[in-house]
Amino acid sequence: MSHAAFSPEWLKRFTDPYALLGLSVAADERRILKRYRTVAKQLHPDALMHVAPELRQFADQVLPKLVNPAYQRLKQDKSRNEVLAMLRFKVRRLSRDQPLNPTGEQSKQLLEVPEPEVDVFYEQAVDRLCDCQYKSVVDFEACTQQLSELNLVYLRRKMGSPVIREKRSGLMTATSVPNSPAPLSDSPSDGKPASGLMYAERHYSRAQEYLKGKNVQAAIQELKDALKIDPQNSSYHCLIGQAYLLSKLTGMAKVHFKQALRLNPKNAVALKYAQQLNVTVADTPGRSAGGAGSVVKPSAEKRSLFGGLFSKGSTR
């Protein structure tokens, strides 16, 4: 590769520091530092002693001119907030001028996935792209462009509500974020005190944030606590089913997807995962005095639980 490829015009193509480091826009400083060290180690001259000269030249240019400045912009809260403000402004400008029209396959999917799946899909898509981002010059250009687009689409889906950021001491709870909208429950209160349901929703909200931070076990515990308060909530069963799938506990996931569909046969997310798990849903007379219910009958599991969507090694 010629030095012309590292001209100022080439460098200006990469303006999103989150995309340059292969990070979610919700990443805290611990994750940012960990990812920076991984990339810096990968691009260090000692690690590239026996590779092609083209790749060494690429690392010599990209590490000091793009990677290091990206880390400097993200390592402090104030500069991270400035970066997020810049990205949100870009989203608003693009949305004003024309409908957001992503070109990458994963960005297109992120624009269409149901709201309960947005955070998990986004984090997993970022993981897949960052795995191959610095393997070659071509991979760097393609993956960084896709990551930048993913970040814009994710912020567009979240526009109007704050992105809940991770902190070193743990994730912010729903009550720690001003004007943070409470998750909507799809089941009636059944006479439960409003305060009890409020606490259940807080557990549910924290579980969502833990899943964004890949702390699956903490999310499962929060959802267990939510279900103790409101065991008839289809959304809670659906989310804990997704968490169990991420933990490769397929049997437990099936149990909760079944229960989610018994409580709400129209739960689109639960129906999607039931199909991916090769579980059939048959209509039967209702369990309660008021209407129809559903029974989920398991059959043989497919090898890929997520159909390639959340598999770490999958590509699109």
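Everything quoted here is computed from the prediction, not taken from an experiment. Sequence order sets the numbering: in each chain, residues are counted from 1 along the sequence as written. Per-residue local features of the predicted model are confined to residues with pLDDT of at least 70, and side-chain atom pairs are confined, for both listing and counting, to 80 or more; whole-chain, interface and lining totals are unaffected and use all residues. Note that the side-chain values use all heavy atoms of the structure and ignore hydrogens as well as water.

To get an axis, fit a line to the C-alpha atoms, keeping to the stretch in contact for a helix; angles then go from 0 to 180 degrees between the N-to-C directions. Only DSSP runs of H or I covering at least 4 residues are called helices, and only runs of E covering at least 2 are called strands; the numbering of each starts at the N terminus. Between helix H3 (residues 29-43) and helix H4 (residues 53-74), whose axes approach to 10 Å, the crossing angle comes to 170 degrees. It follows that H3 is roughly antiparallel to H4 by the angle criterion. Mapping the contact onto sequence places Ile32, Leu33, Tyr36, Val39, Ala40 and Leu43 in H3 and Phe58, Ala59, Val62, Leu63, Val67, Asn68, Tyr71 and Leu74 in H4. Our angle categories are set so that under 35 degrees counts as roughly parallel, over 145 as roughly antiparallel, 65 to 115 as roughly perpendicular, and the remainder as oblique. Residues count as neighbours in contact if any of their non-hydrogen atoms are within 4.5 Å of one another.

The method works on a 1 Å grid over the protein atoms by themselves. A cavity is a set of points holding a 1.4 Å probe that cannot get out, a pocket is an open set with protein on both sides within 12 Å along at least five of seven lines, and residues with an atom within 4 Å of a point line them. Grid points are joined across faces, edges and corners, and a volume is the space filled by probe spheres set on the points. Scanning the model with the defined rule gives 2 cavities of 30 Å³ or more in all. Estimated volume of the largest cavity: approximately 40 Å³. If you trace the largest cavity, you find it lined by Pro116, Asp119, Val120, Gln208, Leu211 and Leu239. Mapped by element, the contributors of at least two residues to the lining of the largest cavity are helix H7 (118-132) and helix H9 (194-212). In terms of residue class, the lining of the largest cavity is made up of 4 nonpolar, 1 polar and 1 charged. Polar here means any residue outside two lists: the nonpolar Ala, Val, Leu, Ile, Met, Phe, Trp, Tyr, Cys and Pro, and the charged Asp, Glu, Lys and Arg; Gly therefore counts as polar.

What follows concerns unusual backbone geometry. Even without glycine at this site, Lys214 takes up a positive phi of about 65 degrees. Within the secondary structure, Lys214 sits in the loop between H9 and helix H10 (216-229).

All right, on to the confidence of the model for the protein then. pLDDT measures the predictor's confidence residue by residue and takes values from 0 up to 100. Looking at the protein as a whole, its pLDDT mean stands at 77, while 75% of the residues score no less than 70. The secondary structure element of the protein with the lowest average pLDDT is strand S2 (residues 170-171), at 40, and the one with the highest is helix H2 (residues 17-21), at 96. Across residues 283-316, where pLDDT falls below 50, the model places 74 contacts with residues more than four positions away in sequence or in other chains.

Right, let's get into the nonpolar core. Throughout, nonpolar core names a set of buried Ala, Val, Leu, Ile, Met, Phe, Trp, Tyr and Cys residues whose side chains join them through atoms within 4.5 Å. Accessible area is worked out with a 1.4 Å probe on protein chains only. A residue is then buried under 20% of its type maximum, exposed over 50%, and partly exposed in between. One finds Leu21, Leu43, Phe58, Val62, Val67, Leu110 and Phe140 to be the most contacted residues of the largest nonpolar core, which totals 49 residues. Of all the secondary-structure elements, those providing two or more residues to this core are helix H1 (8-11), H2, H3, H4, helix H5 (77-97), H7 and helix H8 (137-158). Here this core takes 10 residues from H4, the largest share from any one element. When sequence neighbours within four positions are dropped, the list of residues in contact with Phe140 reads Trp10, Phe14, Leu20, Phe58, Val62, Leu66, Gln133 and Tyr134. Membership of the second largest hydrophobic core comes to 30 residues, among which are Tyr204, Leu227, Tyr273 and Leu277.

By salt bridge we mean one thing: a side-chain nitrogen of Lys or Arg within 4 Å of a carboxyl oxygen of Asp or Glu. One pass over the structure, following the stated rule, counts 11 salt bridges. Ionic pairing is found between Asp77 and Arg80, a salt bridge with its closest N-O pair at 2.2 Å. Taken together, the residues Asp77 and Arg80, both in helix H5 and 3 residues apart, mark about one turn of the helix. Overall, the relative accessible area of 44% leaves Asp77 in the partly exposed class. A relative accessible area of 4% means that Arg80 is categorised as buried.

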